[in-house]
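# Descriptive structure summary
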Amino acid sequence: MLGIDRSAARNTWTAAAVLLLLWLVYLVRSTLFIFVLALLFAYLLSPLVDLLDRFLPVSRTRTRTPALAMAYVIFVAMVVIAGVQIVPRVVEQATALKERFPKMVAVWEQSVPLPAESGTVSSIKAQVLDKLRTQVAARSNDLIGTLPEVGLRFLSVASDLIYVVIIPVLAFFFLKDGHQIREHILSLMDAGPRRALLDDLLADVNVLLAHYMRALVLLALSAFTAYSIFFAIIGVPYGILLAALASLLEFIPMVGPLAASLIIFLVAGLSGAPIVAILIFLVAYRMLQDYVVSPHLMGRGVELHPLLVLFGVFAGAELAGIAGTFLSVPVLALARIVYLHIRKERISAGVTTGAPAAR
């Protein structure tokens, strides 16, 4: 009719609908990020809720509300205790480091010898070393000087009402009605291969997010524990601050731990701490964390090539800042799961339709 191909028109409308959907997602990206944080928070509390639900008396209605309430009380108590014990010391050490760091850099500048200008080559070496020393001092001062401001900015964001109240409330509903939400999603499709595919996909996504969120928290806690204990044993100044920084940067894949190691090495070296011991510890801990602990905690859900992870981190940072770096790996892992399921369905469908008829 009118020379319009139905297949081409259908594909065009599908592409237009997808672009419109992406545009709408971009418009409500802030709201979606809050819901994603609430969903991840729900996955974080889910094991505790399930454990409490097993031991609490079971009512006829089989409600999870008592377990949810008790889990929230336990979580809030743990956060308050940790905040009272750790946050004041971190802020105090960050303020002290900001005040003392220029003097530490000045002492380091004076201690770095410059070669005697006996010739053209020595003169070039002197100029290069002098510029390098100046740049390191300036960048180091800028980096350390922003630590208290970053900490205060993080506290101000964390104290925002929408993060303190809305996210736990949304997580409560995810935990309480998660099974019903899953059933409603499945009910959108009729019984058949596509519904089975969606069921398997939701199951894999559930396992992926559960493993990823719990692994991140456990990796951050293990990093804080190991770093703080080691720094206390060898007497590294600002040990709690550096351990807390390394713990927070564990949430940024690959780039975060590397940045934390560089900052720790810089601060420890300028403060006179044993650099060789710290270097050995950082190398040994990263090998244990990255090749033993992290693969065991992550499980089989997150199997991404390091180049793809780096691309996701940098692309996420460019698109959405810190939120993009944090969500880059789970988004890529979700895309991988969807691709594998669709590919598996097409292969199975091709094998079924292409099988030769029995003679």
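Note that this is a predicted model, so its numbers are computed, not measured. (Residues numbered from 1 in each chain as written. Predicted model: local features only at pLDDT ≥ 70, side-chain atom pairs only at ≥ 80, totals over all residues. Heavy atoms only, no water.)

When helices and strands are tallied, the chain shows 10 helices and zero strands. If you list the helices and strands of the chain from N to C, you get α-α-α-α-α-α-α-α-α-α. Expressed as a percentage of its 359 residues, the buried residues of the chain come to 31%. Counting every atom, the chain has about 23,200 Å² of accessible surface; 70% of that belongs to carbon and sulfur. (Helix = DSSP H or I, 4+ residues; strand = E, 2+ residues; numbered from the N terminus. Buried < 20%, exposed > 50% of the residue type's maximum accessible area, 1.4 Å probe, protein only. Areas by Shrake-Rupley, 256 points an atom, 1.4 Å probe, with all protein chains shown as cover.)

What follows covers the packing of aromatic side chains. Per the counting criterion, the structure on display carries 11 aromatic pairs. When the ring of tyrosine 227 is compared with that of phenylalanine 281, the centres are 5.4 Å apart and the planes differ by 75 degrees; the resulting orientation is edge-to-face. Here tyrosine 227 is found in helix α6 (residues 193–234), whereas its partner phenylalanine 281 is found in helix α9 (residues 275–298), with 54 residues between them in sequence. What makes phenylalanine 281 buried here is its relative accessible area of 14%. Every member of this aromatic cluster is reached through a ring pair, and the members are Phe41, Tyr72, Phe75, Phe172 and Phe173. (Phe/Tyr/Trp six-rings, centres within 6.5 Å; stacked < 30°, edge-to-face > 60°.)

For the rest of this paragraph, the subject is the pattern of salt bridges. Following the criterion strictly, the structure yields three salt bridges and no others. Aspartate 177 serves as the salt-bridge partner of lysine 176, at 3.5 Å between the closest nitrogen and oxygen. Its salt-bridge partner being arginine 182, residue aspartate 199 comes within 2.2 Å of it at the nearest N-O pair. Here the residue aspartate 199 occupies a position in helix α6, and arginine 182 occupies one in helix α5 (residues 161–186), the gap between them amounting to 17 residues. Judged by relative accessible area, which is 29%, aspartate 199 ranks as partly exposed. (Salt bridge = Lys/Arg side-chain N within 4 Å of Asp/Glu carboxyl O.)

The end-to-end C-alpha distance of helix α8 (residues 255–270), which contains 16 residues, comes to 23 Å, matching closely the 22 Å that a straight helix rising 1.5 Å per residue would cover. Looking at the residues trailing α8, positive phi occurs at glycine 272, about 85 degrees. (Expected span 1.5 Å × (residues − 1).)

This part is about the nonpolar core. Within the largest apolar cluster, 37 residues are counted, with the highest numbers of intra-cluster contacts made by Val49 and Leu175. Listing elements by their share of this core, those giving two or more residues are α2 (29–55), α3 (65–111), α5, α6 and α10 (306–354). Looking at which element gives the most residues to this core, the answer is α2, with 11 residues. Apart from the residues lying within four places of it in its own chain, the contact partners of valine 49 are Arg64, Ala67, Leu68, Ala71 and Leu175. In terms of nonpolar packing, the next biggest core, distinct from the first, is built from 31 residues, Ala94, Val236, Ile240 and Ala273 among them. (Core = buried A, V, L, I, M, F, W, Y, C linked by side-chain atoms within 4.5 Å. Contact = heavy atoms within 4.5 Å.)

Turning to the packing of helix α7 (residues 239–249) against α8, a few remarks are in order. Interhelical geometry of α7 versus α8 gives an angle of 165 degrees and a closest axis separation of 8 Å. The pairing of α7 with α8 is recorded here as roughly antiparallel in orientation. The chirality of how α7 crosses α8 is right-handed. Residues Leu242, Leu245, Ala246 and Leu249 of α7 pack against Gly256, Pro257, Ala259, Ala260, Ile263, Ile264 and Val267 of α8. Each residue belonging to the contact of α7 with α8 can be placed in one class, and the counts come to 10 nonpolar, one polar and no charged. (Axes fitted to C-alpha atoms, helices over the stretch in contact; angles between N-to-C directions. Parallel < 35°, antiparallel > 145°, perpendicular 65-115°, else oblique. Left-handed = near helix turned anticlockwise from the far one by under 90°. Nonpolar A, V, L, I, M, F, W, Y, C, P; charged D, E, K, R; others polar.)

Here we come to the environment of tyrosine 238. Position of tyrosine 238 relative to the elements: it lies in the loop between α6 and α7. With near-sequence residues (within four places) excluded, tyrosine 238 lies in contact with Gln93, Ala96, Leu97, Arg100, Met104 and Val267.

To continue, consider the packing of α2 against α6. Put simply, α2 and α6 touch, their axes get as near as 9 Å, and they point 80 degrees apart. When the axis of α2 is compared with that of α6, the two are roughly perpendicular. Two secondary-structure elements touch here, α2 through Leu39, Leu40, Tyr43, Leu44, Ser46 and Pro47 and α6 through Asn206, Leu209, Ala210, Met213, Arg214 and Val217. Taken together, the residues of the contact of α2 with α6 break down into nine nonpolar, two polar and one charged.

Considering every residue of the chain, the mean pLDDT works out to 75; 75% of them sit at 70 or more. Predicted confidence is poor over residues 154–159, with pLDDT under 50, and the contacts of this stretch with residues over four places away or in other chains come to four contacts. (pLDDT = per-residue confidence, 0-100.)

Here α2 spans 39 Å end to end across 27 residues, near enough to the 39 Å set by a 1.5 Å rise per residue. The sharpest bend along α2 reaches about 40 degrees and sits at leucine 45, with the proline proline 47 one to four residues further on. (Bend = angle between axes of the 7 residues up to and from the residue.)

Here the focus is the side chain of arginine 286. Relative to the elements of secondary structure, arginine 286 occurs in helix α9. For arginine 286, the contacting residues outside a window of four places in its chain are Tyr227, Glu250, Pro257, Ser261 and Tyr291.

Attention now goes to a nonpolar patch on the surface. A contiguous nonpolar surface patch, about 850 Å² in accessible area, is contributed by Leu20, Leu21, Trp23, Leu24, Val25, Tyr26, Leu27, Val28 and Leu32. The greatest single-element share of the nonpolar patch, amounting to seven residues, is contributed by helix α1 (residues 6–27). Structurally, the position occupied by tryptophan 23 is in helix α1. (Patch = residues over 30% accessible without salt bridge, like charges linked within 9 Å, V, L, I, M, F, W, Y side chains within 5 Å.)

Within the fold, leucine 327 resides in helix α10. Along the primary structure leucine 327 and isoleucine 252 are separated by 75 residues, whereas in three dimensions their C-alpha atoms are 8.9 Å apart. With residues near it in sequence (within four places) discarded, leucine 327 still touches Phe33, Val36 and Leu40.

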